[in-house]
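Listed below, chain by chain, are the residues.
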Amino acid sequence: MQPETGGRFTVRLLSHDEGQARFQVDLATHAGTWSTQASVAIGDGAVQWGTWAGNGEPPEWLCQYTRAALRTAWRQHADEGWPRRLTRWRDIPAHGRGGGGKTDS
């Protein structure tokens, strides 16, 4: 089910080893849904997206929120382990906040 406003992301842990953690990523807004796999490097927390499936590219603001959640999981994984699943709803940011161009990291 797609949200009426804002966007939702769900990340599910697929695997992890000494070099990285891999997640299934699903994003949804009223305009569409997208999915990919993402990896988080253990050494520096860099997030790398796979190829997105869905109608075009997902909104950058929702990718930024998802990246921030994965980076938080990375910072906490040594103490708490990797989360098996995270689901969050976020409102569309106000103009000028979080609406920058698409980045790869």
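Preceding this section is the structure that the text describes.
Throughout this document, residue positions are counted from 1 along each chain, in the order its sequence is written. Only residues with pLDDT of 70 or above have their local features reported here, since the model is predicted, and side-chain atom pairs are shown and tallied only from 80 upward, although totals for entire chains, interfaces and linings are computed over all residues. Side-chain metrics in this entry use all non-hydrogen atoms of the structure; hydrogen atoms and water are not considered.

**Re the pairing of strand 1 (residues 7-16)**
Of the strand pairs in this sheet, strand 1 and strand 2 (residues 20-29) are connected by nine bridges, and their pairing is antiparallel. Of the residues in strand 2, the one forming a bridge with Thr10 is Asp26. A loop of three residues connects strand 1 with strand 2, the two strands running antiparallel in sequence. Pairing analysis gives six bridges linking strand 1 to strand 6 (residues 85-90), with the strands arranged antiparallel. When the bridges of strand 6 are listed, Gly7 appears paired with Arg90. In this description, strands pair whenever DSSP reports at least two bridges between them. The way it works is that DSSP assigns letters per residue, a run of H or I at least four long becomes a helix, a run of E at least two long becomes a strand, and they are numbered from the N terminus.

**Describing the pairing of strand 3 (residues 32-41)**
In this structure, strand 2 lies alongside strand 3, joined through ten bridges in antiparallel fashion. If you follow Thr29 over to strand 3, its bridge partner there is Gly32. Counting the residues between successive antiparallel strands, the hairpin from strand 2 to strand 3 contains two residues.

**Structural notes on the environment of Leu14**
In this fold, Leu14 is placed in strand 1. Judged by relative accessible area, which is 45%, Leu14 ranks as partly exposed. Note: C-alpha distance between Leu14 and Ser39 (25 residues apart in sequence) is 9.7 Å. Whether two residues are in contact is decided by their heavy atoms: any pair within 4.5 Å suffices. Leu14 has contacts with Arg22, Phe23, Gln24 and Gln37, leaving out every residue within four places of it along the chain. Classification of residues uses two cut-offs on accessible area relative to the type maximum, computed with a 1.4 Å probe and protein chains only: under 20% is buried, over 50% is exposed, and between them is partly exposed.

**Things to note about the nonpolar core**
We define a nonpolar core as any set of buried Ala, Val, Leu, Ile, Met, Phe, Trp, Tyr and Cys residues linked to one another through side-chain atoms lying within 4.5 Å. Grouped together as the largest cluster of nonpolar side chains are 21 residues, with contacts concentrated most on Phe23, Val25, Leu27, Trp49 and Leu70. Listed by contribution, the elements that provide at least two residues to this core are strand 1, strand 2, strand 3, strand 4 (47-49) and helix 1 (60-80). With seven residues, helix 1 is the largest single contributor of residues to this core. Those residues within four positions of Val25 in sequence are excluded, and the remaining contacts are Thr10, Val11, Trp34, Ser35, Thr36, Ala38, Trp49, Trp52 and Thr66.

**Comments concerning the pattern of salt bridges**
For this analysis, a salt bridge means a side-chain nitrogen from Lys or Arg found within 4 Å of a carboxyl oxygen belonging to Asp or Glu. According to the stated counting rule, one finds one salt bridge in the structure shown. The salt bridge partner of Asp26 is Arg12, with a shortest N-O separation of 3.0 Å. In this pair, Asp26 is assigned in strand 2 and Arg12 in strand 1, connecting sequence segments 14 residues apart. Overall, Asp26 belongs to the partly exposed group, its relative accessible area being 23%.

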